[in-house]
Structure formats: structure tokens, C-alpha cells
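Coordinate analysis (summary)
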Amino acid sequence: MAGITDRPFRDLVRRFGAGLVVSEMVASQEMVQAKPGVRERAELGMDVDNTAVQLAGREAHWMAEAARQVADRGAAQIDINMGCPARKVTSASGAGASGSALMKDLDHALGLIEAVVGAVEVPVTLKTRLGWDDEMRNAPELARRAEAAGVAMITIHGRTRCQFYKGRADWAAISEVKQAVEIPVLANGDICGPGDARRALALSGADGVMVGRGTQGRPWLLAEIAHALWGAPAPEVPRGDALADMVAGHYQAMLGFYGGDLGLRVARKHLGWYMDRVGTGPALRRAVLTARDPGAVLHLLPEALAETSANAQVAA
């Protein structure tokens, strides 16, 4: 999730307990050519346990070279993005018709996979969708070819590209991918709690789940799912003052990572999600999100995230 799964957020999720965290999608050519800011964001955290670096692109040369660079800098795993539905990624006038646009040309997609696998010794995984549209649901074929090329694991979002995020993820359709390969398959899409994860696994037959948007405002969600389904240690979900302290730490980490001005803006979406979870009142929510001084934000957080009876009803 570009602009969300940055280093501060990944560190927070990892602190609660997560089997794997994945970096923001990095454009391979920009990574290699060291476009300002791209390499720095990709490097941070590459040598941290349980972190995969996700690469996107359309040219085998740049994909392979970017894979070498991140592997040389300590990345333990590389994930190839063939699932992003954003127009600026899939459009030929944007980032070079990459992301889920590659599902329209499986020969080309396979060439990219082979280039990355051949360039590094670390495991290479693949993230994609059911297909481009309902007429082109070719994820099982792509999965078979990716497995033969050396991909170690595949994650399938249960929608086509043309669905974007509309409707409900079709977890049952992921079962066709699971039946097509021997390597692990993860189910993704609309997994917002242990119940969703349990149903997704039952319908898909997948080996595990990948959670994205469900973690917004709930960095402990992965640990909750792992506890409910596989008996991992239960996370201590912060509430009241403990939640305010956690959010304040996350906020300060973002300011340190991005710098004051940019960090103030980037942090607002995270603060909004935290306040959505506890049902912060509109006036107080607005005050937090429009404050221009970090000190003012930190001063308001304990009240904004306090557990009141009204908040608890909204959050429930």
C-alpha cells in the first residue's frame, strides 16, 4: 500500500508480531537510477527480519538490476508486484503498463519473473489478482508459469484489476490458483479480522493470508489473526492512554522519517484511521487533523483517543 506501509508503520506492525511485512511498491527503474527519495525509502528496513521489498516495472533489465541492488543491501525476500490496479501504474502513459496490466501479457510477465529470479539468490514471491477482468481470469496460468520459473510463494487478491476495490473479494476463486501449484498461496482482499481470515482460508484452501487495508488504524491486527487461527501469542491491544502513547510514538516516528512538513501531512491519514476506530467526535477529530504544530497534535491525542462510552459504541 503505497504511502501507508512505510518504515514507521512496518516497524509498528512488526512490534506487535507479524510473520512478514512488505515494503511500499518501488518502481524498479527509479530505484536503480536513484531518483531522489526512492532509494532511501527502499533501503530503510531492508536488513530487518521478516521484511520483503516489493518491486514493480515492465522492463526485465531494470527489474533484475533493482532486485540485485536490494538483495545486496540486505533484503531477505523480493516480491514482484503484478497486482496494483492504479491507473498511473497500469496505463502505458504512466509507469509503463506495469502492475496488474502485466496480466494481459503473460509471456512478458514471465520474462520479468525469470529476470528477477535469475538475478538473486534470495526468495522471490509474486503478488497479483484473479486477472485483468472477468473475461481474462488467468491467475492460475500465471501461477503455474511463475512456479516453474522459481517463484517461492504467490499472493492472490480476490478481485480482477477492473474491479479495483469494488464489491467483495472472491476468496473461493483463489482456490483455482491453489489447485494449480504446489508452492504456498496466500489469500488477500477484504480480510479485516480473524473471522474474515478463517472464511478466506476455508473458501480458498490457501496456506495463509495477507492483510492490507484492514491494518489501517489497527497495526495489531496481524497478530490478532495469528493468535486466533494458529495460536500465536495474543497481542496486547492498546486502549485509552496506552493507545494515545502508541499513536504519539508512531506520529513522532513519521515526523523523524519524513521531516516536519511532509511528516505532518503524511501522518494525517494514520491519525484519522486511529480516531475512526475509537469514534472520536467530529470537532476534536478536525482539530487534530488541521493542527499545523506537532506539539498541538501530541497535546490533543490523549483526549482524541480516550475511551468514552460514546466512542466505544461507535468503535463496536
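The model shown is predicted, which means the values in this text are computed figures rather than measured ones.

Counted under the stated rule, the structure contains 13 salt bridges. For Arg-199, the salt bridge goes to Asp-196, with nearest N and O atoms at 2.7 Å. With Arg-199 and Asp-196 both in helix α9 (residues 194-204) and three residues apart, this pair spans about one turn of that helix. The exposure class assigned to Asp-196 is buried, which follows from its relative accessible area of 15%. Here the salt bridges share partners, and the residues they tie into one network are Arg-159, Arg-168, Asp-190 and Arg-213.

This next bit is on helix α4 (residues 60-72). An ideal rise of 1.5 Å per residue puts 18 Å on 13 residues; α4 measures up with 18 Å between its terminal C-alpha atoms. Just downstream of α4 lies Gly-74, where phi reads positive at about 110 degrees.

Our next topic: helix α6 (residues 106-119). Because the α-helix completes a turn every 3.6 residues, residues three or four places apart line up on one side. Between its first and last C-alpha, α6 extends 20 Å over 14 residues, near the 20 Å set by a 1.5 Å rise per residue. Within the span of α6, buried status applies to Leu-106, Ala-109, Leu-110, Leu-112, Ile-113, Ala-115, Val-116 and Ala-119. Looking at the buried side of α6, the elements it contacts are α4, β4 (77-82), β5 (124-129) and α7 (139-149).

Next up on the list: the packing of aromatic side chains. With the rule as written, the count across this model stands at two aromatic pairs. Between Phe-16 and Trp-220 the ring centres are 5.9 Å apart and the planes differ by 70 degrees, which places this aromatic pair in the edge-to-face class. Here Phe-16 is found in helix α1 (residues 7-16), whereas its partner Trp-220 is found in the loop between β8 (208-210) and α10 (221-230), with 204 residues between them in sequence. The residues Phe-16 and Trp-220 share a single accessibility class, namely buried. Each ring, one from Phe-257 and one from Tyr-258, has its centre 4.8 Å from the other, and the planes form 90 degrees; the classification is edge-to-face. Accessibility expressed as a relative area gives 23% for Phe-257, which makes it partly exposed. Classification of Tyr-258 by relative accessible area gives buried; the value is 18%.

Cut-offs used in this document
Residues numbered from 1 in each chain as written. Predicted model: local features only at pLDDT ≥ 70, side-chain atom pairs only at ≥ 80, totals over all residues. Heavy atoms only, no water. Salt bridge = Lys/Arg side-chain N within 4 Å of Asp/Glu carboxyl O. Helix = DSSP H or I, 4+ residues; strand = E, 2+ residues; numbered from the N terminus. Buried < 20%, exposed > 50% of the residue type's maximum accessible area, 1.4 Å probe, protein only. Expected span 1.5 Å × (residues − 1). Contact = heavy atoms within 4.5 Å. Phe/Tyr/Trp six-rings, centres within 6.5 Å; stacked < 30°, edge-to-face > 60°.

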